[in-house]
Every structure is written in C-alpha cells, then in structure tokens.
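Here's the letter readout for the chains.
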There are 2 protein chains.
Amino acid sequence: MNEVINAILTRRSYRAFTKEAVKREDVETILDCALHAASGMGKQTWKFTAVINRDKIQRLAKAVAKAIGRDESYNMYDPAVLVITSNEKESKYREVDNACAMENMYLASEALGLGCVWINQLLGCYDDPEVRSLLREFGIPDEHGVYGCAAIGYPAETPKEKARIGQKAIVE
Amino acid sequence: MNEVINAILTRRSYRAFTKEAVKREDVETILDCALHAASGMGKQTWKFTAVINRDKIQRLAKAVAKAIGRDESYNMYDPAVLVITSNEKESKYREVDNACAMENMYLASEALGLGCVWINQLLGCYDDPEVRSLLREFGIPDEHGVYGCAAIGYPAETPKEKARIGQKAIVE
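Being a predicted model, the structure only gives us computed values, none of them experimental.

Cut-offs applied
Residues numbered from 1 in each chain as written. Chains lettered and ligands numbered in written order. Predicted model: local features only at pLDDT ≥ 70, side-chain atom pairs only at ≥ 80, totals over all residues. Heavy atoms only, no water. Contact = heavy atoms within 4.5 Å. Buried area = accessible area lost by both parts, 1.4 Å probe. Salt bridge = Lys/Arg side-chain N within 4 Å of Asp/Glu carboxyl O. Polar contact = N/O pair within 3.5 Å; in protein donor to acceptor, adjacent residues only side chain to side chain. Helix = DSSP H or I, 4+ residues; strand = E, 2+ residues; numbered from the N terminus. Nonpolar A, V, L, I, M, F, W, Y, C, P; charged D, E, K, R; others polar. Expected span 1.5 Å × (residues − 1). Buried < 20%, exposed > 50% of the residue type's maximum accessible area, 1.4 Å probe, protein only.

How big an interface is tends to be stated in terms of the accessible area lost upon association of its parts. Across the contact, 57 residues belong to chain A and 57 residues belong to chain B. Of the roughly 5500 Å² buried between chain A and chain B, counting both surfaces, carbon and sulfur atoms make up 61%. For the interface between chain A and chain B, the tally reads 6 salt bridges. E28 of chain B is the salt-bridge partner of K168 of chain A, the closest N and O atoms lying 3.4 Å from each other. Our count for the chain A to chain B interface comes out at 38 residue pairs in polar contact (both at pLDDT 80 or more). Mapped by element, the contributors of at least two residues to the side of chain A that touches chain B are helix 1 (3-10), helix 2 (24-35), strand 1 (46-51), helix 4 (94-111) and strand 6 (167-171) of chain A. The leading source of residues in the side of chain A that touches chain B is helix 4 of chain A, at 10 residues. For the side of chain A that touches chain B, the class distribution of residues is 32 nonpolar, 11 polar and 14 charged.

In structure tokens:
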C-alpha cells in the first residue's frame, strides 16, 4: 500500500510516552509539517511553538490544571515535546486551520516513529493570567488564542485500533 | 525523504481539473482516509458523501451560487468528485473534526496522483431550502451541517509553491 495512505489509515492517538528526548531535527520537521497544512484563504496567521523542556511543559500543565479545576495528576501525558498551536483570536479560520495542522503533526509523528495526542485543554483557559504568563514566556503573542496542542514523544504503549464508526456514501 | 513527510510538504490546492473520472477504488480510499482522521473524544459523528456525478455536483453548485449571491460561473472548479463533509450541527467538534478529515483527503489525493481543493461555501448556506433539498437527495441527514468540502480530480495545472509565512519556534 502507498505509504501515505498507510500512515493515514494506521494513525493512532498515543497517551503514554517514554522519557527519551525527541531529536531536534524531528521537532523541526514536525513544525514544518504544521506550517504546510491547509489554511483558510492561505492566510497562515498561525504560530507553532514546540516546547522541548519537560519541566516547562509540566509548569504549563499545572497552570492549566489549576485554571480548569483538574487535579494535580494532570500532566498532558508527560510528553517530551508539546507543540502549542496558536492563531490570531480575530482570525475567522483560527480553529479549523490549526486542526489541519494538528492532523499533519499526527501523521508526521507516525512517519518519524513517534506518537502524538491532541491536548485540548488550553482552548478553555489560554487567557487565564497564570497560563497567559507562561505562554508569554514561551513567546506566544498575547493576541493569539491557543487551540489544539500536540503532545509528542516515543510511544510507551501500542494503542488498540479504534473502530471507525463514521458514515460514508457514494452518490452516482 | 520519508514519503509521508514529502506528501505533507508538497501538498497544494488544485483549482483546475481534467474531465477524467476518478477510479471508484480511489474514491473509496479517500473516504476511508477521511474516516481515519482525528475526531474530538473519538465521537466520529461525521458523514462523508462523495458525489461522483458531475451533473449532480453542478446542480449543487448552482443552488449554492443562488443561495450566496454568486454569479452563474460558480462551479466549484468543476471537479470529478465532490466529497461533502457533514457532521451533527450539535456536535461541539463538528468543524474541527471535519477540518482534520479535509487535511487527510488533501494528502490522500496527492498520494493517488489527484488534486484537491477546499470548498467552503456550503458552510454559509446548507440550510437554504434548495441546497438542503439537494443534500437530502444525496442522503445527508437533515440534522447535519456541511463544513469544508473537497473538490477532487486529475490536475489540469501545476500550482506554484506557496510561500510559508506562518511562524514557528522551539522553546528549550
């Protein structure tokens, strides 16, 4: 089977990672793949920020947990890399654009032997003062909202294949 | 370079197609790729409907043009296939989920030697009576909204590479 089709059909969400660091060149590749996703009217008003420092990721996880009322165990699955996807709050396409970039990062991770999972909790709290303060420290513009984020690392589990329950049809 | 990464980095939007029909098995593959995209909480409340009849696609294009005030030349680039992506109007993840599926369909099209472009006009008029009547004829549930759609066919042009103007950063 074509490798691209195979990657799409075997993509999984990984929720457990090893402690191994991700190679810098692979992080760069994943960011480039995000930047090549479809974007409404080609505007590309997004920013992709890969945090590769585990302590910084955990500081953010703790701030998010506090903001949304999760308990202290919340750790975004303790990944080696967290790619924070942000976009102009005023952009009409902000969430949809970033979703396309997320799908690319899922597939790029698969292709590089890494696992990826969608972290959605920033969406509800990116303007919480403590969260925003960390985002600012990470260089994310204040006028950006944060949408789906990608937690990435070497898989420490083999997720089961998920049943595909969506519908399809062909109209002749 | 890894084929998956290469497909992601060379993906383009195609806006001119030949008259050649797309093989039925390729249409099936593209629909399967859509069904394997990421979906919020794994709910997969979507439906992907591939219209492979050019006349039916053009009937829909005319109804959409009328509903949104476009002139008669509006034809969705006259594709061989239009995949209508729909999802429950009440789904929290409707647009974001369908965007992930759109990115998969872009990449699957590239992998199969086809071209794809995002058609966004249904989003604003899927409940127009004439449009809805056609959607119903195509088997799309009345409780579904229609989000990004994929116009697909054999490319009749080679689109220029688009400058990537988004931002990226690595935080150590």
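Its 12 residues place the ends of helix 2 (residues 24-35) of chain B 17 Å apart at the C-alpha level, agreeing with the 16 Å of an ideal helix rising 1.5 Å per residue. Along helix 2 of chain B, the residues classified as buried are D26, V27, I30, L31, C33, A34 and L35 of chain B. Its buried side turned inward, helix 2 of chain B meets helix 1 and strand 6 of chain A together with strand 1 (46-51), strand 2 (81-88), helix 4 (94-111) and strand 5 (149-153) of chain B.

Attention now moves to unusual backbone geometry. All names here are of chain A. In this model, M41 sits at a positive phi of 55°, which is unusual for a non-glycine residue. Inspection of the secondary structure puts M41 in the loop between helix 2 and strand 1. Looking at M41, the relative accessible area reads 66%, which means it is exposed.

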